[in-house]
Amino acid sequence: MENLNKKEFDVIVVGSGPGGATVARELTLAGKKVLLLEQGSNAPVTGSMFQTIRWLGIPFRSLLFTYNALGMVRGITTGGSSVYYYGTAFEPPHDMLNRYNVDIKAEVEETKKELPIAPLSDDLTGPMAKRIMESANSLGYNWQKLTKFIFQDRCRQDCWRCNYGCPYGAKWNARNYVEDAFRKGLTLINGAKVTKVIIENGKAVGVDYKRRLIPQKAYAPLIIISAGGIGTPVILRATGIKKAGFNFFFDPLIAVSGTVKDITGGKEVPMVAGMHMQEDGYVMTDMTVPSALYGGFAAQVGRFDRIMSHKHTLTIMIKEKDSLGGQLTDRGGVRKRLLESDYQSLLRGYERAKKILKNAGAKSIFKSWYIAAHPGGTAKINDIIDSNLKTEFDNLYVCDCSVIPESFGLPPTLTLIGLGKRLAKHLCAKTQI
Ligand SMILES: Cc1cc2nc3c(=O)[nH]c(=O)nc-3n(C[C@H](O)[C@H](O)[C@H](O)COP(=O)(O)OP(=O)(O)OC[C@H]3O[C@@H](n4cnc5c(N)ncnc54)[C@H](O)[C@@H]3O)c2cc1C
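Residues numbered from 1 in each chain as written. Predicted model: local features only at pLDDT ≥ 70, side-chain atom pairs only at ≥ 80, totals over all residues.

Counting secondary structure elements, the protein chain contains 10 helices and 23 strands. In summary, the protein chain has a C-alpha radius of gyration of 21 Å against a globular reference of 22 Å for 433 residues, a match within 12%. The C-alpha extent of the protein chain, read off along each of the three principal axes, is 65 × 45 × 40 Å. Relative to its full complement of 433 residues, the protein chain shows a buried share of 54%. Here the analysis covers contacts within the protein chain between residues at least 6 apart in sequence; of these, 76% occur between residues at least 24 apart. (Helix = DSSP H or I, 4+ residues; strand = E, 2+ residues; numbered from the N terminus. Rg over C-alpha atoms; globule rule 2.2 N^0.38 Å. Buried ≥ 20, exposed ≤ 12 C-beta atoms within 10 Å, placed from the backbone. Contact = placed C-beta atoms within 7 Å.)

Next comes the structure, spelled out in structure tokens:
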């Protein structure tokens, strides 16, 4: 058994998604000795379907099912789900966060200066995203380009690899922050699955983790859990915080597809443009996915007649702000039912998407089964943690999607980066490290 020395590290961060990577990087840049423990692998991102399945699609590990066969994915690798995200940067819900005494405006502005956040250029916008945008706007919708976390000088036309992890370094993801920190002295241990936090006299002093099935321990005077919306509550419960992992959101979505005769494509950046139907509680965007994934969507709902039409198929995603509910099992199993109101909201989006697709010339329109990709709210501010993201135990903090206090409905990465920067500032301002 390995015992990482009590004096060696100032901080242990568990999990390297946008929340963990940001706080780990900021603390490293501030001169702290940071140990980052990550369950997944740090192998280079190849952009292959095989690697995507290993890191995003293994049932009961990264692909979790709940009632009605709703599948929920999370990335288990350095960078977490952001390796596979669509790189869309939505403005954080500042009003909602302010209600909980959390202000991340300054940190978000700092992030916008630091990262390549901008709408995709027309050259890189694919013909399917353009057709959907034209159609929606001609129907009077305000369908606009969205801002993306993309280094556009490295991005390629006719490329579908956002979905499989970008091997060209064009899509910014949380690995970039881990790499920055690594160059400045961060210690990263991969394949390290943290099982619980070690508490002594009401204070967090270290973590128990398993690496290659062997139990290990690591110690530091400050512990930050950033294992994501599913991983974090599992660790907190094992540590004694039994209320974690209830009443959460996961932003369910459906994909609505229809075939057009005059476009041959299917290889383009997804989520280039869209609109936020705030009152109806959903967001709609284009979502061109690789052929295998599209084939899966079609097969899942029995539309075998559409499987071969990928190159001619326009797809719109509808992502809903779901009602809080459900519970996780102690091992991270997801138990959540969508409410009738959630289904109705998605159905209203479906009707709108059908009109946009028909107006774009599409035929044979169908919708996919339900999927979810943004689990959060499992260790909420004002419930499990305070507005400084501290738990009931001294020296134990949480920083990832699980802290978001209310149902969100929008892609959260920019919010998580803001929260990570804010937490690092708060911790540096304290004398303890
Ligand atoms: C297909 C897809 C598309 C998306 N598109 C967008 C988008 O366009 N824009 C956007 O903003 N968001 C998007 N998202 C969502 C976004 O990627 C996530 O919300 C975000 O990555 C969550 O960050 P996090 O820090 O909470 O945790 P995660 O990214 O889930 O990272 C948690 C990390 O902790 C590790 N971990 C888990 N358990 C343990 C443990 N016990 N011990 C050690 N390590 C552990 C995991 O391996 C992982 O690396 C998308 C997600 C998916 C899947």
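A word on the sheet that holds strand 9 (residues 187-190). Pairing within the open sheet is parallel, and its five strands lie in the order 9-3-2-13-23. Edge positions in the sheet fall to strand 9 and strand 23 (396-398), since each of these pairs with one other strand and no more. Between one strand and the next, the sheet's axes are offset by a mean angle of 20 degrees, whatever the strand orientation. Two strands pair when backbone bridges link them, and strand 13 (residues 223-225) and strand 23 are joined in this way by three bridges, in the parallel orientation. Directly across from Ile225, in strand 23, lies its bridge partner Val398. (Pairing = 2+ DSSP bridges. Axes fitted to C-alpha atoms, helices over the stretch in contact; angles between N-to-C directions.)

In the neighbourhood of the ligand, 41 residues make up the surrounding shell, with Gly15, Gly17, Gly80, Gly228 and Gly231 lying closest. For the shell around the ligand, the elements supplying multiple residues, two or more each, are helix 1 (18-29), strand 3 (34-38), strand 10 (192-200), helix 7 (228-239) and helix 10 (413-429). At four residues, the largest contribution of residues to the shell around the ligand is made by helix 7. A breakdown of the residues in the shell around the ligand according to their chemical character gives 18 nonpolar, 19 polar and four charged. (Near = placed C-beta within 6 Å. Nonpolar A, V, L, I, M, F, W, Y, C, P; charged D, E, K, R; others polar.)

Further remarks concern the domain arrangement of the protein chain. Assigned domains of the protein chain: these are domain 1 (3-42 + 77-115 + 172-245 + 378-429) and domain 2 (118-163 + 250-372). Averaged C-alpha coordinates put domain 1 and domain 2 at centres separated by 29 Å. With 18 residues of domain 1 at the contact, the number on the domain 2 side is 25 residues. Residue composition of the side of domain 1 that touches domain 2, by class: 10 nonpolar, seven polar and one charged. (Domains from an automatic or database assignment.)

Even without a glycine there, the phi angle at Ser364 is positive, about 50 degrees. Structurally, Ser364 can be placed in strand 21 (residues 363-367). Ser364 sits in the partly exposed class, given 15 other C-beta atoms within 10 Å. Backbone geometry places Leu389, a non-glycine residue, at a positive phi of 70 degrees. On the neighbour-count criterion, Leu389 (26 C-beta atoms within 10 Å) is buried.

For the pair helix 1 and helix 6 (residues 174-183), the least separation of the axes is 8 Å and the interaxial angle reads 25 degrees. Judged by the inter-axis angle, helix 1 sits roughly parallel to helix 6. In this structure, helix 1 meets helix 6 at a crossing whose hand is left-handed. Touching Pro18, Ala21, Thr22, Ala24, Arg25 and Thr28 of helix 1 are Ala174, Tyr177, Val178, Asp180 and Ala181, all from helix 6. For the contact of helix 1 with helix 6, a count of residues per class yields seven nonpolar, two polar and two charged. (Parallel < 35°, antiparallel > 145°, perpendicular 65-115°, else oblique. Left-handed = near helix turned anticlockwise from the far one by under 90°.)

A few words on the environment of Gly202. Position of Gly202 relative to the elements: it lies in the loop between strand 10 and strand 11 (203-211). Here the alpha-carbon distance between Gly202 and Asp394, two residues 192 residues apart in the chain, equals 6.5 Å. When residues no more than four places from it in sequence are discounted, the contact partners of Gly202 are Phe393 and Asp394.

Take helix 7 next. Between its first and last C-alpha, helix 7 extends 16 Å over 12 residues, near the 16 Å set by a 1.5 Å rise per residue. Taking burial as the measure, the 12 residues of helix 7 include 11 buried ones, the bulk of the element. Residues Gly228, Gly229, Ile230, Gly231, Thr232, Pro233, Val234, Ile235, Leu236, Arg237 and Thr239 constitute the buried set of helix 7. (Expected span 1.5 Å × (residues − 1).)

Take the sheet that holds strand 14 (residues 246-248) next. The antiparallel open sheet is built from three strands, whose spatial order is 14-19-20. Only two strands of the sheet have a single partner each, and these edge strands are strand 14 and strand 20 (334-335). Two strands pair when backbone bridges link them, and strand 19 (residues 325-328) and strand 20 are joined in this way by two bridges, in the antiparallel orientation. The residue bridging Leu328 from the neighbouring strand is Val334, located in strand 20.

Now for the environment of Leu314. Checked against the element boundaries, Leu314 lands in strand 18 (residues 313-320). Owing to 28 C-beta atoms within 10 Å, Leu314 belongs among the buried residues under this scheme. Filtering out sequence-adjacent residues up to four positions away, Leu314 remains in contact with Met128, Arg131, Ile132, Ser257, Gly258, Val260, Leu357, Ala360 and Ala362.

What follows deals with helix 9 (residues 340-359). With 20 residues, helix 9 extends 29 Å between its outermost C-alpha atoms, agreeing within 8% with the 28 Å of an ideal straight helix rising 1.5 Å per residue. For helix 9, the full list of buried residues reads Ser345, Leu346, Gly349, Arg352, Ala353, Ile356 and Leu357. One face of helix 9 carries all of its buried residues, which in axial projection span an arc of 140 degrees. Opposite the packed face of helix 9, turned more than 90 degrees from it, sit the exposed residues Glu340 and Glu351. Lining the buried residues of helix 9 we find helix 5 (127-138), strand 15 (252-259), strand 17 (282-286), strand 18 and strand 21. Just past helix 9, the residue Gly361 takes up positive phi, approximately 95 degrees. (Arc of directions from axis to C-beta.)

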